[in-house]
Amino acid sequence: MLNQLSITNLRNITDLSIKPTPAINLILGSNGSGKTSILEAIHLLSLGRSFRTRTLKNVVQLEQQKLQIIAKTTTNIPIGLQFDLHAGLQIRLNNAPLKKLSELAMQLPLQLIPANCHQFFEQGPRYRRQLLDWGLFHVEPSFNFHWQSYRKVLQQRNSAIRQHKKIAEIQLWDTHLASHGEQITTLRQKQLARLLEQFNDVFPRLCPEYSQASFTLKYRTGWAKEYRLEESLRLAIERDKQIGYTRSGSHAADWAFSINNIDPAHIFSRGQQKLFFLALCMAQAKITEEHLNQESSILLLDDISSELDPAHQEFVLDELSSLPVQSFITSTDISLANSSEKSKVFHVKQGEITNSDS
Ligand SMILES: Nc1ncnc2c1ncn2[C@@H]1O[C@H](COP(=O)(O)OP(=O)(O)O)[C@@H](O)[C@H]1O
Ligand SMILES: [Mg+2]
């Protein structure tokens with residue numbers, strides 16, 4: 001959670017300072033006023049990258065040399081980030097240079113709900129795995145170790161395949177790969193069970209028209225279910241040699257929640273798809289909160305008003321106000337300013353905050 005945020009020379013924001021509330025922060029303003037740029041700054045601070053562009057030089061204000069973001073967490077830890085067109089990215093956490101980006105993510109667990117999040121169902125398995133693994137990263141200390149180890153061994157195996165090494169040499173990696181892969185699978189299944197439970201609790205409140213529906217979980221491990229992973233790798237060695245990489249394993253896993261055994265994508269309206277994604281993120285935030293003894297996570301919700309009518313927007317705000325997360329929500333609808341007592345409102349115009357009490 002942040003209790004202070006200053007942004008300099010980021011897109012149309014020259015100089016902006018706010019003191020966010022630990023609950024809901026509503027960022028209201030017309031198109032192009034700088035709302036998403038504020039979310040982009042927070043995302044940059046937590047993950048060291050933007051969600052809008054791969055090249056940070058696009059984020060630096062035109063005709064400027066560098067952007068800066070300075071913040072303080074509610075536990076009084078200072079975080080400073082600077083991107084200079086020449087010197088590149090520099091991040092300081094607690095007054096010392098940052099060693100690994102994961103330290104930052106650990107300090108500020110953040111989930112982004114982009115404006116087009118109803119497209120969740122069109123995204124591939126990689127996106128769904130990332131969403132699931134985000135929660136595991138924060139909740140299960142051993143997950144990161146298994147995942148990093150798995151990735152390293154997978155790279156080694158793939159490179160042995162590409163170099164046309166002998167089968168016995170490729171298979172040297174199988175025991176390690178399989179052991180981390182099986183652990184990852186166990187942790188993912190455990191997390192999905194927790195996620196489904198919380199999701200089933202939250203979703204009916206966001207989408208009362210589906211309050212009677214029951215969701216069930218489908219998980220594909222990434223290899224044929226009748227085998228252990230090591231066995232599966234052994235059986236598929238000729239195929240892997242042919243295609244030039246390791247096809248089966250935890251890197252090919254996928255999952256879905258289906259509703260009365262139907263894929264929600266086939267029956268949900270866009271608004272309902274958006275509510276589905278929101279409920280998933282809220283469920284993750286709840287689980288994360290239960291496991292972290294430190295401070296709460298951050299939720300960025302870009303453009304709450306797209307696809308959602310006023311009643312459903314209110315359900316979302318009500319639910320958020322009962323969650324122990326800090327949220328930053330943007331909208332062009334200034335009538336939202338009167339919607340929630342627990343929220344703090346920031347009006348943005350041409351990159352500046354126009355209400356004085358911010
Ligand atoms: N590098 C940049 N330098 C200056 N202005 C920029 C830069 N990149 C984008 N902009 C402008 O910043 C404004 C704010 O964009 P954005 O935060 O997306 O607005 P909103 O989300 O409020 O609609 C837009 O007018 C955009 O054209
Ligand atoms: Mg925007």
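Note that the structure is a prediction, hence the values are computed from the model and not measured.

(A) Seen up close, the overall build of the protein chain. The number of helices and strands found in the protein chain is 10 helices and 14 strands. On C-alpha atoms alone, the protein chain measures out to a radius of gyration of 22 Å, which is about the 21 Å that the 2.2 N^0.38 rule sets for 358 residues. Taken over 358 residues, the protein chain has a buried fraction of 36%. For the protein chain, contacts bridging at least 24 residues in sequence account for 74% of all contacts bridging at least 6.

(B) A look at the sheet that holds strand β14 (residues 352-353). What the six strands build is an open sheet, ordered β8-β11-β12-β3-β13-β14; its pairing is mixed. Here the strands that pair on one side only, and so sit at the sheet edges, are β8 (110-113) and β14. Across five bridges, strand β3 (residues 24-28) lies against strand β13 (residues 343-349) in parallel orientation. Of the residues in β13, the one forming a bridge with I27 is F346. With respect to the sheet, helix α1 (residues 35-47) is in contact with β3, β8, β11 (298-301), β12 (326-331) and β13, its orientation differing from that of β12 by roughly 150°.

(C) A look at the sheet that holds strand β2 (residues 13-18). With respect to topology, six strands assemble into an open sheet ordered β2-β1-β4-β5-β6-β7, the strand pairing being antiparallel. Whereas interior strands pair on both sides, the edge strands pair on one side only; in this sheet they are β2 and β7 (96-97). Pairing analysis gives two bridges linking strand β6 (residues 88-93) to β7, with the strands arranged antiparallel. Within the sheet, the bridge partner assigned to R92 lies in β7 and is P97.

(D) Structural context of unusual backbone geometry. For D303, which is not a glycine, the phi torsion comes out positive at approximately 65°. In this structure, Q350 is a non-glycine residue whose phi angle is positive, near 45°. With respect to the secondary-structure elements, Q350 resides in the loop between β13 and β14.

(E) View of the pairing of β13. The pairing of β13 with β14 spans two bridges and is classified as antiparallel. Considered in β14, the bridge of V348 is made with I353.

(F) Fine view of the nonpolar core. Residues L45, A279 and L300 are the most contacted members of the largest nonpolar core, which totals 78 residues. With 10 residues, helix α6 (residues 174-206) is the single largest residue contributor to this core. Looking at which domains feed residues into this core, each of domain 1 (1-109 + 296-358) and domain 2 (121-291) gives three or more. Each residue touching A279, except ones within four places of it in the same chain, is listed here: F199, V202, F203 and L206.

(G) Expanded view of the packing of helix α3 (residues 125-139) against helix α9 (residues 270-291). Contact geometry for α3 and α9: axes closest at 9 Å, N-to-C directions at 10°. As far as their axial angle goes, α9 and α3 are roughly parallel. Contacts from W134, G135, H138 and V139 in α3 reach Q284, I287, T288 and H291 in α9. Looking at side-chain class alone, the contact of α3 with α9 contains three nonpolar, five polar and no charged residues.

(H) Region of interest: the domain arrangement of the protein chain. Domain assignment breaks the protein chain into domain 1 (1-109 + 296-358) and domain 2 (121-291). Taking only C-alpha atoms into account, the centre of domain 1 sits 29 Å from that of domain 2. On the domain 2 side, the residues contacting the 13 residues of domain 1 number 15 residues. Ranked by residues supplied to the side of domain 1 that touches domain 2, first place goes to helix α10 (residues 310-321) with four residues.

Scoring rules and cut-offs
Residues numbered from 1 in each chain as written. Chains lettered and ligands numbered in written order. Predicted model: local features only at pLDDT ≥ 70, side-chain atom pairs only at ≥ 80, totals over all residues. Helix = DSSP H or I, 4+ residues; strand = E, 2+ residues; numbered from the N terminus. Rg over C-alpha atoms; globule rule 2.2 N^0.38 Å. Buried ≥ 20, exposed ≤ 12 C-beta atoms within 10 Å, placed from the backbone. Contact = placed C-beta atoms within 7 Å. Pairing = 2+ DSSP bridges. Axes fitted to C-alpha atoms, helices over the stretch in contact; angles between N-to-C directions. Core = buried A, V, L, I, M, F, W, Y, C linked by C-beta atoms within 7 Å. Domains from an automatic or database assignment. Parallel < 35°, antiparallel > 145°, perpendicular 65-115°, else oblique. Nonpolar A, V, L, I, M, F, W, Y, C, P; charged D, E, K, R; others polar.

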